Structures are given as structure tokens and as C-alpha cells.
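Examining the three-dimensional arrangement
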Amino acid sequence: DGAVVGDSLWGCVRYGHSMEVLPAGSSSSVLGRAVVFGGTSQQGLKTVTFNDVHVLDVLTASREQGLSLAWTRIVAQGVVPSPRSRHASAVVGGS
């Protein structure tokens, strides 16, 4: 069982998503944030595809929470991409 966050199920087994790792600074090799978008999950006999975005802020967690990591759902503004799976993503501009 996963946690329902808004209209998405987070914490479930998810595949076909994209994940990018953003550095802590423009010239830093230190891990800053991991961003996950979309993907698919099997819920019983039903296949569900998502268009949600979740961020894991590794740098803040290690500084302030003693490595207690937690995912945060980002609520998109404006035109939101349709649910998708087995897609590609890329970091543009480094942040």
C-alpha cells in the first residue's frame, strides 16, 4: 500500500517514470535534489499512469534532518503534462 497524495499514489511500486538528479549548485558535484515525474503502477487489475512530480531534497535533509529523507509532491501550475510512462526527461540549465 502506498500513500495517497492528492490524486496520486506515492510510495507504490512505480515503473516507467523519469528521474533527474539536480546538483546542489551550478558547478557543484554535491547531490542536491532528485526529481521524479510520471510513471505507471499496477493497482490490482488496474494499471494507473501518473503525471505527478515528487522531489527528494537530499542536501537539506542531510543538513537539517540528520539524513531523514522525505519526498515532497510539487503541485504544477499552468498547463500540466498529461499522465505518461516510459518517457525521457532532461535537465536544462542545471537547476
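Above this text sits the structure in question.
These lines cover the structure that appears in this document, whether it is placed above or below.

Calculation rules
Residues numbered from 1 in each chain as written. Predicted model: local features only at pLDDT ≥ 70, side-chain atom pairs only at ≥ 80, totals over all residues. Heavy atoms only, no water. Helix = DSSP H or I, 4+ residues; strand = E, 2+ residues; numbered from the N terminus. Buried < 20%, exposed > 50% of the residue type's maximum accessible area, 1.4 Å probe, protein only. Contact = heavy atoms within 4.5 Å. Areas by Shrake-Rupley, 256 points an atom, 1.4 Å probe, with all protein chains shown as cover. Salt bridge = Lys/Arg side-chain N within 4 Å of Asp/Glu carboxyl O. Patch = residues over 30% accessible without salt bridge, like charges linked within 9 Å, V, L, I, M, F, W, Y side chains within 5 Å. Phe/Tyr/Trp six-rings, centres within 6.5 Å; stacked < 30°, edge-to-face > 60°. Lys NZ or Arg CZ within 6 Å of the ring centre and 35° of its normal.

Our focus in this paragraph is the overall build of the protein. Looking only at helices and strands, the protein has 1 helix and 6 strands in total. Scanning the protein from its N terminus toward the C terminus, one meets helices and strands in the order β-β-β-β-β-α-β. Taking all 95 residues of the protein together, the buried fraction comes to 24%. Excluding contacts between residues fewer than 6 apart, the proportion of contacts in the protein whose partners are at least 24 apart in sequence is 48%. Entry remark: accessible area of the protein is about 6300 Å², with carbon and sulfur atoms responsible for 56%.

Moving on: the pattern of salt bridges. All told, the structure shown has 1 salt bridge when counted by the stated rule. Residues Arg 14 and Asp 52 are paired through a salt bridge, measuring 2.8 Å at the closest nitrogen-oxygen approach. With Arg 14 in the loop between β2 (8–10) and β3 (18–23) and Asp 52 in strand β5 (residues 46–57), this pair connects stretches of sequence that are 38 residues apart. The pair formed by Arg 14 and Asp 52 is uniform in burial state, with each residue classed as buried.

Quick look at a nonpolar patch on the surface now. A contiguous nonpolar patch, built from Met 19, Val 21 and Trp 71 and spanning about 280 Å² of accessible area, is present on the exposed surface. Turning to its location among the elements, Val 21 is positioned in strand β3. When its relative accessible area of 42% is taken as the criterion, Val 21 is described as partly exposed.

Let us look at unusual backbone geometry. Leaving glycine aside, a negative phi is the common case for residues, and trans is the common case for peptide bonds. Of note in this structure, Arg 86 is not a glycine but carries a positive phi near 55 degrees. Positionally, Arg 86 belongs in the segment after β6 (71–74). Judged by relative accessible area, which is 69%, Arg 86 ranks as exposed.

It is worth spelling out the packing of aromatic side chains at this point. Under the counting rule described, the total for this entry stands at 0 aromatic pairs. We note Arg 14 situated over the ring of Phe 50; from NZ or CZ to the ring centre the distance is 4.1 Å.

With that settled, consider the environment of Phe 37. Mapped onto the elements of the fold, Phe 37 is located in strand β4 (residues 31–43). With a relative accessible area of 16%, Phe 37 lands in the buried category. Separated by 21 residues in the primary sequence, Phe 37 and Gly 16 have C-alpha atoms spaced 9.4 Å apart. Beyond its immediate stretch of four places on either side in the chain, Phe 37 contacts His 17, Ser 18, Asn 51, Asp 52, Val 53, Pro 81, Ser 82, Arg 84 and His 87.

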